[in-house]
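Observations on the model geometry
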Amino acid sequence: MTASPELGTPQLASPDLLRSVFRQHAAGVAVITAQGENPVGFTATSLNSVAAEPPLISFGVGASSSSWPIIARAEHIGVHILGEHQHDLAATFARSGADRFGPATSWRAGPEGVPVLDGVLAWLVCRIINRVPAGDHRIVIAEAVVGDPVGAGRPLLYHQGRFNALRD
């Protein structure tokens, strides 16, 4: 049996500690969209499958984000799984003040009027069923209504503060 490497010095919980720990966690990259007076959207790495029956998903959104006021009132949202070829799209939707639905973004009005992004690996339109306060964020729980899982390519990942491709 080999010896275990020594653990580092424990740190008290803080926002910086949480960010540092989760930089070690590779996560899939999604874009969440909704339609208000204008379309809104943001890059999310907190997307989770919650249940298969009924088909539920969840994600976190900052209560101070520019998208939250629309998400807070929306009945439906779009969930888009990004491919490794979509680094720029992920960065656009992650950047504060970016023209997310400008000429560089190919999208259309989908079911329930939700903005649906073109060229993604998969997408869902979901009906929001709950919004749960969680610190400076809200956790949104939504039920899938319609979607398409057949985009081509491999998933985009987020790790160590960067967008990455999946490696074999």
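Predicted model only: the values in this text are computed from it and were never measured. Residue positions are given per chain, counting from 1 as you read along its sequence in written order. Per-residue local features are limited, in this predicted model, to residues with pLDDT of at least 70; the limit for side-chain atom pairs, both in listing and counting, is 80 or more; totals at the level of whole chains, interfaces and linings are taken over all residues. Side-chain numbers come from the whole structure's heavy atoms, not from hydrogens or water.

1. Re the nonpolar core
Heads up, the rule is: Nonpolar cores are built from buried Ala, Val, Leu, Ile, Met, Phe, Trp, Tyr and Cys residues. Side-chain atoms within 4.5 Å join them into one set. Only protein chains enter the accessibility calculation, which uses a 1.4 Å probe. A residue is then buried if its area is under 20% of the maximum for its type, exposed if over 50%, and partly exposed in between. Put simply, DSSP marks the helices as runs of H or I at least four residues long and the strands as runs of E at least two long, and each gets a number from the N terminus on. A contact between two residues is defined here by any heavy atoms of the two lying within 4.5 Å.
If you look at the biggest cluster of nonpolar residues, it comprises 19 residues, and the most contacted ones within it are I32, F59, I71 and I77. The set of elements that each furnish at least two residues to this core consists of β2 (30-35), β3 (39-44), β5 (56-62), α2 (68-73), β6 (76-81), β9 (122-134) and β10 (137-148). If near-sequence neighbours (up to four positions away) are discounted, F59 is found in contact with I32, F42, S46, L47, I77, R138, I139 and V140. Membership of the second largest hydrophobic core comes to 15 residues, among which are L89, A90, L156 and F163.

2. Some words on the sheet that holds strand β11 (residues 156-159)
For the record, the criterion: Two strands are said to pair when DSSP picks up at least two bridges between them.
Taken together, three strands build an open sheet; the order of strands is β1-β11-β12 and the sheet is antiparallel. Both edges of this open sheet fall to β1 (27-28) and β12 (162-165), since each of them pairs with a single strand only. Bridge analysis of β11 against β12 gives four bridges, and the strand direction is antiparallel. Among the inter-strand pairings, H159 is bridged to a residue of β12, identified as R162.

3. A word on the pattern of salt bridges
Definition in use: Within this document, salt bridges are pairs made up of a side-chain nitrogen of Lys or Arg and a carboxyl oxygen of Asp or Glu, the two lying within 4 Å of each other.
Enumeration over the complete set of coordinates arrives at four salt bridges. Salt-bridge contacts for E84 lead to R154; the nearest nitrogen and oxygen are separated by 3.9 Å. Taken as a pair, E84 in the loop between β6 and α3 (87-94) and R154 in the loop between β10 and β11 lie far apart in primary sequence, 70 residues in all.

4. Here's the deal with the sheet that holds β2
Under the convention used in this document: Here the axes come from fitting lines to C-alpha atoms, over the contacting stretch only for helices, and the angles between their N-to-C directions go from 0 to 180 degrees.
Strand order in this open sheet of seven strands is β3-β2-β6-β9-β10-β5-β4, and the pairing throughout is antiparallel. Two strands bound the open sheet, and with one partner strand each, they are β3 and β4 (48-51). The sheet shows a mean angle of 35° between the axes of neighbouring strands, direction not considered. Sheet topology places β5 next to β10; seven bridges connect them, and they run antiparallel. Residue pairing across strands places S58 opposite I141, the latter belonging to β10. Against the sheet, α3 touches β2 and β3, its axis set at about 115° to β3.

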